[in-house]
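Residue strings, one per chain:
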Amino acid sequence: MAKILLVEDEPDIADLIIAWLKNEHHTIEYAPNGEDATSLLTIYQFDVIIMDWMLPGVSGVEVCSAFRNRGGTTPILMLTAKKHVDEKSAGLDAGADDYLTKPFELKELSARIRALLRRPTTFSGTVLKVGPLVMDTATYKVSRANDEEVSLLPKEFALLEFFMRHPNQVFSAEALLDRVWTSDSEASPETIRTYIKRLRKKIDEEGKPSLLSTVHGVGYKMVEPAPGH
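The rules behind the values
- Residues numbered from 1 in each chain as written.
- Predicted model: local features only at pLDDT ≥ 70, side-chain atom pairs only at ≥ 80, totals over all residues.
- Heavy atoms only, no water.
- Helix = DSSP H or I, 4+ residues; strand = E, 2+ residues; numbered from the N terminus.
- Buried < 20%, exposed > 50% of the residue type's maximum accessible area, 1.4 Å probe, protein only.
- Contact = heavy atoms within 4.5 Å.
- Areas by Shrake-Rupley, 256 points an atom, 1.4 Å probe, with all protein chains shown as cover.
- Lys, Arg positive; Asp, Glu negative; His and termini not counted.
- Charge placed at Lys NZ, Arg CZ, Asp CG, Glu CD.
- Pairing = 2+ DSSP bridges.
- Axes fitted to C-alpha atoms, helices over the stretch in contact; angles between N-to-C directions.
- Phe/Tyr/Trp six-rings, centres within 6.5 Å; stacked < 30°, edge-to-face > 60°.
- Right-handed = clockwise from strand over helix to strand, strands pointing away.

Caption draft 1: Quick look at the overall build of the protein chain. Each helix and strand in the protein chain was counted, giving eight helices and eleven strands. For the protein chain, buried positions account for 44% of its 229 residues. Within the protein chain, contacts between residues at least 6 apart in sequence are counted, and of these 57% link residues at least 24 apart. When the accessible surface of the protein chain is totalled, it reaches about 11,800 Å², and 52% of it is carbon and sulfur. Of the charged side chains in the protein chain, 27 are positive and 34 negative, and the gap between their average positions amounts to 6 Å.

Structure follows, in structure tokens:
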């Protein structure tokens, strides 16, 4: 599960990709042009960017190049109808990590995304472990060390996955909204507090400290227990 920015000016193609990726449990932000994409990339962080080459106004290559020049490291998959090697090379030289030529199969798009997520900067495997908690992002299952399965709603899963990928790091409610929810969501800091309470009830073990700690005045973090605890 990842937060993905899709930049595509053809509505029909965009709708297909969004529906497909949401079905795979990803959180999708959408930009129909380079200007909107640049604005979103200035404000939010993403796990993967899917960028169409041909965009009205500012091209995908220009957005990609500007993002890299600002220090952006998010993996970028370029969508292109261009077939010549030198044109594809221009996209890669601008900072794209991979390209996919239109038309393409949505299953191949998923495979390319998984490959980009496997890179060390954004991916730590399909099985995540923090203390007694085990998450398999491939099968969308969460269990405790005793194999007791934990039932989670999709957004609970997404929030927990984010915490498990960043153990011992503190995130404000606003940062969590940026990374796990879409910008058009009506979620608020109170929403985060509600989800934290739900997760604690589902993942914590009776008599033991919560895996999700509140850092007063700052935010929340997932506490990785010391060995033997």
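Structure's up, so let's keep going.
Caption draft 2: Expanded view of the sheet that holds strand 2 (residues 27–31). Strands sit in the order 2-1-3-4-5 across an open sheet of five strands; the sheet is parallel. Of all the strands in the sheet, just strand 2 and strand 5 (98–101) have a single pairing partner and so form its edges. Pairwise comparison of adjacent strand axes, ignoring direction, gives a mean angle of 20 degrees for this sheet. Here strand 1 (residues 3–7) pairs with strand 2 via five bridges, running parallel. Across the sheet, Lys 3 pairs through a bridge with Thr 27, a residue of strand 2.

Caption draft 3: Up close: the packing of aromatic side chains. Inspection of every chain in the model, using the stated rule, returns three aromatic pairs. Arranged with centres 4.8 Å apart and planes meeting at 65 degrees, the rings of Phe 162 and Phe 171 form a pair that is edge-to-face. A single burial state applies to Phe 162 and to Phe 171, both of which are buried. Measuring from ring centre to ring centre gives 5.4 Å for Trp 181 and Tyr 195, while their planes differ by 75 degrees; the resulting arrangement is edge-to-face. Here the residue Trp 181 occupies a position in the loop between helix 7 (173–180) and helix 8 (189–203), and Tyr 195 occupies one in helix 8, the gap between them amounting to 14 residues. Each member of the pair, Trp 181 as well as Tyr 195, carries the same accessibility label: buried.

Caption draft 4: Geometry of the environment of Thr 38. Positionally, Thr 38 belongs in helix 2 (residues 34–43). Separated by 179 residues in sequence, Thr 38 and Gly 217 have C-alpha atoms that sit 31 Å apart. Residues in contact with Thr 38, not counting those within four places in the same chain, are Val 63 and Arg 70.

Caption draft 5: Molecular detail of the pairing of strand 1. Burial within strand 1 is extensive, with five of its five residues counted as buried. Residue alternation in strand 1 divides its side chains into two sets, Lys 3, Leu 5 and Val 7 and Ile 4 and Leu 6, and both sets are buried. Handedness of the crossover joining strand 1 and strand 2 through helix 1 (residues 11–23) is recorded here as right-handed. As defined by bridge partners, strand 1 adjoins strand 3 (residues 48–52) across four bridges and the pair is classed as parallel. Residue pairing across strands places Val 7 opposite Met 51, the latter belonging to strand 3.

Take it as geometry only, folks, not as evidence of what the structure does.
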